[in-house]
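# Structure at a glance
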Amino acid sequence: MQLSTAQYKKKLHGWLSYAFASEVFVIVSLTLFLPICLEQFARDNGFLMPDRTEPCSSLKPAPTTGVASDLEQARCVVKIGWAWIDSASFSLYIYSISVALQAITVISMGGIADNPPHRKRLLLGFAALGSLAATVFLFLPSTSPIWYLSALLAMLANIGFGASVVAMNAYIPSLAQEAPEVIHILAQIQSAEDTPSPDADHDPDTSIENPSVPLLAGSATYQVVTKKKLQVQYQTELSRATSRISSLGIALGYGAGICLLIVALIPITKLQGSTFALRLAIGLSGIWWAVFSIPAAIWLPGASSPHRLTARSDDGVLERGLEVADKKELNIRREIMAAWIRLGTMLRWSEMKKLRNTFKYLAAWFLLSDGFTTITSTAILFGKTTLHMSPSALILVGVLTPTSGILGSLAWPILQRRFAWTNLQVLVGLVIMASMIPAYGCLGFLVQGRARFGGLTTQGEMFGLAVYFGSVYGAFQGYARAFYAELLPPGEEARWYGLFSITDKSSSFIGPLVVGLISDFTGNIRYAFFFLVFMIWLAVPLLMSVDVERGRKDAQEYEYLGHTAGTNTNGVHI
């Protein structure tokens, strides 16, 4: 049974509405105000080195020049338990812990998220957890004796976001497979298989009169050629549908983030960048997240809705099966244990060799996603603590980055068509361009004290780099998903998208942790730029070693070790 156009649009709009709702938390809070707010919480409760007796809050910024005096450059540390840590490192440590917990959560829920009837419950449940945690920032001042709960709220919000996005991404394969243009080509393939060639009936006695002429030779040739062309067209259209839906979600999320940043700019400017202003921005992102998740709750198919089962044919084309409603009771403990066992099986060396190009790309993606995320968080902290940028200036940086990201995601496909670049060539080029940002920051050691501009030593340079980075990062996200789709085993996209999401969102704890340690040991966060250059360039050889054609072929032939013969990914006999 095929979805009607109205049903498909309803499901698609529900999915897009959640992308519109959740991405705001990343743009407004996770990459901009949350690191600053956590640093400010630590600063408001910290003390100046080396005596650790004078409160850091006694320092006042120099709003007229934007340059700190020697006293203002004194290092601020806060006591957490028995340890004293740099206030700039506090938010990096919290982020590292949160993404580690996020990884555990995402892996544990993998089997449940793969089950369509329970996917929506997971999405909405974690969305409620994350949006509520972000909203509670409105009611927790930095002067509160329980200010350290800000760390717990930040971790819960990040876990809620990461887990809900895994459930959201699991809808992408079915949305692409059910797209009208993909269904149309699939119907043509089935029609070509069922309809004989005119040659078949042209002269039924040919083989009798001339035994040397194979029976139905023309028909067989016609059907093979026609089916092969349609199969190529199907794979192309399915890839385009996946990229189109994914890119549209990214663009809508960026647009939503820009809207809320502009809205938040007014109160933050009037409140002169106070801690409450930062809390207000985070709280508003939580409210936005909750409100715009309502359409997703209404339009996405729920547990009572039938879901489609798919099987992989010999040629890699997904065949649509029966739609059934899963009435099996959910055993959460069993599903969590099965998810960890499944992950262990998938990561066996014998399994990894079968999909070596897919895992090569995942290894490169591990480094790149961590590197890009750390560039963002490090740049914001660098702008606040070293360049002494005001919150309103940082908001402008936050607006410029996603705005140029939208433009970059639209411009790069045009350049790709114009110069006939492959997806891999575009990805490598974007990665090299991104590495120029921390490399430019390293030049500051040579420029500082010798020139008034260059090496990221002025606030104006931060604005220019925000535009540059946004145009690269927006395109990178779209191409990274599209390229990964070419290396996935047909019919198992949800499981592998989950692994991709774990790598993207939950594996990015190394970068912030190392940057935090560098900041603590050196007292100068600029040294972290050397690490970021190394981390990004380390991924380039891995990325260039991916054999796309072989990767596609291996993915078509791949069979998950945990599957039994004759069953599909949901355990239904075919």
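Check the entry above for the structure.
Right, let's walk through the structure included here. (Residues numbered from 1 in each chain as written. Predicted model: local features only at pLDDT ≥ 70, side-chain atom pairs only at ≥ 80, totals over all residues. Heavy atoms only, no water.)

### Quick look at the environment of P145
Along the polypeptide, P145 turns up in the loop between α4 (116-136) and α5 (149-169). A relative accessible area of 71% places P145 in the exposed class. Taking C-alpha positions, P145 is 9.6 Å from N45, a pair spaced 100 residues apart along the chain. (Helix = DSSP H or I, 4+ residues; strand = E, 2+ residues; numbered from the N terminus. Buried < 20%, exposed > 50% of the residue type's maximum accessible area, 1.4 Å probe, protein only.)

### Focus on the nonpolar core
Among the nonpolar cores identified, the biggest contains 153 residues, and W15, F33, Y361, L368, F476, W496 and L543 are the most heavily contacted of them. Per-element accounting of this core gives the leading share, 21 residues, to helix α1 (residues 5-44). Aside from chain neighbours lying at most four places away, what touches F33 is V28, L261, I268, L278, A281, I282 and I395. (Core = buried A, V, L, I, M, F, W, Y, C linked by side-chain atoms within 4.5 Å. Contact = heavy atoms within 4.5 Å.)

### Quick notes on the sheet that holds strand β2 (residues 76-80)
Pairing within the open sheet is antiparallel, and its three strands lie in the order β1-β2-β3. Among the strands making up the open sheet, the edge pair consists of β1 (47-48) and β3 (83-86). Direction of pairing for β1 relative to β2: antiparallel, over a ladder of two bridges. Across the sheet, residue F47 finds its bridge partner in β2, namely V77. Across the sheet, helix α2 (residues 87-108) touches β2 and β3, and the angle it forms with β3 is around 100°. (Pairing = 2+ DSSP bridges. Axes fitted to C-alpha atoms, helices over the stretch in contact; angles between N-to-C directions.)

### Notes on unusual backbone geometry
In this structure, P50 follows M49 across a cis peptide bond, with omega equal to 5°. Residue position: P50 is located in the loop between β1 and β2. In the Ramachandran plot, H388 falls in the positive-phi region, its phi being about 55° despite a non-glycine side chain. Here H388 lies in the loop between α15 (356-385) and α16 (391-419). The phi torsion at L456 lies on the positive side, around 55°, for a residue other than glycine. Tracing the chain through its elements places L456 in the loop between α18 (444-447) and α19 (459-485). Note on L456: relative accessible area 3%, which makes it buried.

### Notes on the side chain of N357
When you line up the elements, N357 lands in helix α15. The contact partners of N357, leaving out residues within four places of it in the chain, are L487, S545, V546, D547, R550, G551 and D554.

### Looking at the state of the cysteines
Under the counting rule described, the total for this entry stands at one disulfide. Put simply, C56 and C76 are joined by a disulfide, and their sulfur atoms are 2.0 Å apart. What sets the handedness of the C56 and C76 disulfide is the S-S torsion sign, and at about 105° it is right-handed. Taken together, the positions of C56 in the loop between β1 and β2 and C76 in strand β2 put the pair 20 residues apart, joining distant regions of the chain. Residue class for C56 comes out buried when judged on its relative accessible area of 1%. Taking relative accessible area as the criterion, C76 reaches 3% and is therefore assigned buried. (Disulfide = S-S within 2.5 Å.)

### Focus on the packing of α16 against α19
Look at α16 against α19: their axes get within 6 Å of each other, and the N-to-C directions meet at 45°. Taken together, the axes of α16 and α19 lie oblique to each other. Handedness of the α16/α19 crossing: right-handed. Each of A393, L396, V397, L400, T401, S404, G405, G408, S409, W412, P413 and Q416 in α16 lies in contact with α19, whose residues at this interface are M462, F463, A466, V467, F469, G470, S471, G474, A475 and Y479. Broken down by class, the residue content of the contact of α16 with α19 amounts to 13 nonpolar, nine polar and no charged. (Parallel < 35°, antiparallel > 145°, perpendicular 65-115°, else oblique. Left-handed = near helix turned anticlockwise from the far one by under 90°. Nonpolar A, V, L, I, M, F, W, Y, C, P; charged D, E, K, R; others polar.)

### Observations concerning α1
Here α1 spans 55 Å end to end across 40 residues, near enough to the 58 Å set by a 1.5 Å rise per residue. Of all the bends in α1, the greatest, near 50°, is centred on F33, and the proline P35 appears no more than four residues after it. Among the 40 residues of α1, 30 are classified as buried, and the element is accordingly described as predominantly covered. (Expected span 1.5 Å × (residues − 1). Bend = angle between axes of the 7 residues up to and from the residue.)

### Quick notes on the packing of α4 against α5
α5 packs onto α4 with a crossing angle of 155° between their chain directions and a minimal axis gap of 7 Å. Here α4 is positioned roughly antiparallel relative to α5, judged by the angle of their axes. Viewed along their axes, α4 and α5 form a crossing whose handedness is left-handed. Touching R119, L123, F126, A127, L129, G130, A133, A134 and V136 of α4 are L153, L156, A157, I159, G160, A163, S164, A167 and M168, all from α5. By residue class, the composition of the contact of α4 with α5 is 14 nonpolar, three polar and one charged.

That's the geometry; what it means functionally is another story.
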